[in-house]
Protein chains: 2
Amino acid sequence: MVVNLNGVILPAEEARIPVLDHGLLYGDGLFETLAVREGRFFRLEAHLRRLAEGAGRLELPLPWSPGALAEAVRETARANGVRDGVLRLTVTRGEGPPLPDPSLCAAPSFLVTVRPAGSAPSGRTVSLCAGGAHPRTFIPGLKTLSYLPFQQARQAARQRGFDEGLLVHGDRAVEASTSNLFVVRQGELLTPDLGSGCLAGIGREAVLELAGRAGLAARETEVPLEWLADAEEVFLTSSVSGVVAVIRWEGAPVGSGEPGEVTRRMSAAFEELVRTTSEE
Amino acid sequence: MVVNLNGVILPAEEARIPVLDHGLLYGDGLFETLAVREGRFFRLEAHLRRLAEGAGRLELPLPWSPGALAEAVRETARANGVRDGVLRLTVTRGEGPPLPDPSLCAAPSFLVTVRPAGSAPSGRTVSLCAGGAHPRTFIPGLKTLSYLPFQQARQAARQRGFDEGLLVHGDRAVEASTSNLFVVRQGELLTPDLGSGCLAGIGREAVLELAGRAGLAARETEVPLEWLADAEEVFLTSSVSGVVAVIRWEGAPVGSGEPGEVTRRMSAAFEELVRTTSEE
């Protein structure tokens, strides 16, 4: 595997960052994870826009144009010969003295890594459990390098024998460790609103659009945890894994215990969207 | 400045970590910050114990004995000729594929950095404001590399013209961005209990001991935010900065607006403790 570090392609094992980069010292930075499908990228522009917005909120000045980052993304996928996989674009605050003050840092760095796709994401089913408190702060909704609470939510879920953990705030669902949550209830498609602190997922956005096009009632709202127990269907979304059916919640079957009709329709529509609209 | 990376002393500008270290990719790791005073270390053993406990909670196996880490700490301070300063010991999860799964990572890394002390910490006063929601998760109380919420709390406070931001949970005080909180109210010394999610600060622990020795009533408890408004005194503690008086809370003077008697006694006792009990 080769990576792209600040515009230079080099073998992953030779790519290194300064130990004083605040991305390492304080988890100060952002990342985007996106799907590569048949050599093309799903909603790359939307990912770059979200990255820029997050950088604005963190007052992390990006010295690269979206076009330059897009080119780095393309070049890295090409250099690895990966036509189907998962690509990650990371931006770090840059080097500074070991004090939690970003104004002391020099220039930020970017890193692009890519890995080939594992098993086909569509049609996958998972079991879900409550995985702990969502790390709500006054920087909610950002995909920062301070990612440990999400990693730990997944670890805790796996240790309990589940595939995924749902992060909660009080008695409200927020999001799963690397995906957004959708619930079908009384025929309506519901997802936690952005006020919950969840990530404004690119996959989430796409599913809301697809539901609208399909004439399905869909709504962003507060989602009480108890809705998962009497939901007809539950699924997770991410731009990388697409639509993934949740067939068990805290050990009990969701609906019939099989992916439901809305889930299957949204999954197929999402796959079609990725296949037809990804760009080079 | 030279640093110690996995036992090797080298110039900071040459010290690099692999870009695939999960310390960078996911903020997966821990750190300790400790005071160096006259070439000696304040409660180094307690810091190493807390590091080991945190590593246990994250299932991050440390391949180094506490003695080996202590020697790396000593060697780094010595190699920099720093006799008074601040030393940081960082442990990262290590290299792995870009997936938030720590079980895929190889060996962890450690890093020791040190910087000379700035202005003398004792006698310093700060203004404090409410600085946002504490990132409570099911890994509360750990000083992890996922540090951005704390850095941002301080940034937000500074942008509002305050020195420090207090992280809160609902209407309860938890801790400041890099220090623990103490409030003197009706003659009693009070600090948020560990159930609040605050760090089990080495400085906090020392102040509780010193208060006991001085015959002061001291208690760990829930601290409602409203207590800061009618407190006689408020101060912050950290093993690096010692006892720092809070003289303004949200713009209004705390007590007389000058460091109070308990704060001055605790500050002097803390300085004496550091001076007399730090070890080589």
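Nothing here was measured: the structure is a model prediction, and the numbers come from that model.

Residues and elements named next belong to chain B. Here helix α3 (residues 66-80) is 15 residues long and its end C-alpha atoms lie 21 Å apart, about the 21 Å a rise of 1.5 Å per residue gives. Every buried residue belonging to α3 is among Leu69, Ala70, Ala72, Val73, Thr76 and Ala77, and all of these are buried. One side of α3 holds all its buried residues, which, seen down the axis, span an arc of 160 degrees. Looking at the buried side of α3, the elements it contacts are β1 (2-5), β2 (8-11), β5 (40-41), α2 (44-57), β6 (85-92) and β7 (109-116). At the C-terminal side of α3, Gly81 shows a positive phi close to 65 degrees.

Turning our attention to the packing of aromatic side chains. Enumeration over the complete set of coordinates arrives at 14 aromatic pairs over all chains. Three or more aromatic residues joined by ring pairs form one cluster here, namely Tyr26 of chain A together with Phe31, Tyr147 and Phe150 of chain B. A cation over a ring is seen here: Arg88 of chain A above Phe31 of chain A, with NZ or CZ 3.8 Å from the ring centre.

Okay, the interface of chain A and chain B next. On the chain B side, the residues contacting the 57 residues of chain A number 57 residues. For the pair chain A and chain B, the number of links is two salt bridges. Put simply, Arg158 of chain B and Asp101 of chain A hold a salt bridge, and the shortest N to O gap is 3.7 Å. On inspection of chain A and its partner chain B, the count reaches 19 residue pairs in polar contact (both at pLDDT 80 or more). Counting only elements with at least two residues in the side of chain A that touches chain B, the list comes to β1 (2-5), β3 (16-18), α1 (22-25), β6 (85-92), β7 (109-116), β8 (125-133) and α4 (148-159) of chain A. Looking at the side of chain A that touches chain B element by element, the count peaks at 10 residues for α4 of chain A. Tallied by class, residues from the side of chain A that touches chain B come to 30 nonpolar, 16 polar and 11 charged.

Attention shifts here to the pattern of salt bridges. Residues and elements named next belong to chain A. Applying the stated criterion across every chain, the model contains 34 salt bridges over all chains. The partner of Glu71 in a salt bridge is Arg74, with the nearest N and O atoms 3.2 Å apart. A residue pair is termed a helical-turn pair when its members lie 3 or 4 positions apart in one helix, as Glu71 and Arg74 do in helix α3 (residues 66-80) at three residues. The class of Glu71 is partly exposed, set by a relative accessible area of 34%. With a relative accessible area of 25%, Arg74 lands in the partly exposed category. Notably, a salt bridge pairs Glu71 with Arg78, separated by 3.4 Å at the nearest N-O pair. For Arg78, a relative accessible area of 54% puts it in the exposed group. Salt bridges sharing partners connect three or more residues here, namely Arg43, Glu209 and Arg213.

All names here are of chain B. Sheet architecture is open: six strands sit in the order β2-β1-β7-β6-β4-β5, paired in antiparallel fashion. Each edge of the sheet is formed by a strand with only one pairing partner; in this case those strands are β2 and β5. Summarising the sheet, β1 and β7 pair through two bridges and their orientation is antiparallel. Across the sheet, Leu5 pairs through a bridge with Leu111, a residue of β7. The strands that α2 touches are β4 (29-37), β5 and β6; relative to β4, the one it contacts most, it runs at about 175 degrees.

Below, the discussion takes up the pairing of strand β11 (residues 180-185) of chain A. Residues and elements named next belong to chain A. In terms of residue burial, β11 counts as a mostly covered element, since six of its six residues are buried. Residues Asn180, Phe182 and Val184 point to one face of β11 and Leu181, Val183 and Arg185 to the other, with burial holding for every one of them. Note: β11 against strand β14 (residues 233-238), five bridges, orientation antiparallel. The residue of β14 that forms the bridge with Val184 is Glu233. Note: β11 against strand β12 (residues 188-192), three bridges, orientation antiparallel. Within β12, the residue paired with Arg185 across the bridge is Glu188. Remark: two residues form the turn of the hairpin made by β11 and β12, two consecutive strands paired antiparallel; Gln186 in that turn has positive phi of roughly 50 degrees.

Next up on the list: the environment of Val126 of chain A. Residues and elements named next belong to chain A. Considering the arrangement of structural elements, one finds Val126 in strand β8. When the C-alpha atoms of Val126 and Tyr26 are compared, they prove to be 33 Å apart, with 100 residues separating the residues in sequence. Excluding residues within four positions of it along the chain, Val126 makes contact with Asp163, Leu236, Val244, Ala245, Val246, Ile247 and Arg248.

Attention now goes to the relation of the copies chain A and chain B. Mapping chain A onto chain B leaves a residual RMSD of 0.0 Å; the transformation is a rotation of 180 degrees accompanied by 0.0 Å of translation along its axis. In symmetry terms, the pair is related by a two-fold rotation axis. Distance from the rotation axis, computed per C-alpha, reaches its smallest value in chain A at Ser146 of chain A: 1.8 Å. The fraction of interface residues of chain A whose copies in chain B are also interface residues reaches 100%, indicating that both copies meet through the same surface.

Calculation rules
Residues numbered from 1 in each chain as written. Chains lettered and ligands numbered in written order. Predicted model: local features only at pLDDT ≥ 70, side-chain atom pairs only at ≥ 80, totals over all residues. Heavy atoms only, no water. Helix = DSSP H or I, 4+ residues; strand = E, 2+ residues; numbered from the N terminus. Expected span 1.5 Å × (residues − 1). Buried < 20%, exposed > 50% of the residue type's maximum accessible area, 1.4 Å probe, protein only. Arc of directions from axis to C-beta. Contact = heavy atoms within 4.5 Å. Phe/Tyr/Trp six-rings, centres within 6.5 Å; stacked < 30°, edge-to-face > 60°. Lys NZ or Arg CZ within 6 Å of the ring centre and 35° of its normal. Salt bridge = Lys/Arg side-chain N within 4 Å of Asp/Glu carboxyl O. Polar contact = N/O pair within 3.5 Å; in protein donor to acceptor, adjacent residues only side chain to side chain. Nonpolar A, V, L, I, M, F, W, Y, C, P; charged D, E, K, R; others polar. Pairing = 2+ DSSP bridges. Axes fitted to C-alpha atoms, helices over the stretch in contact; angles between N-to-C directions. Least-squares fit on C-alpha atoms with pLDDT ≥ 70 in both.

Read these as spatial facts, not as claims about activity.
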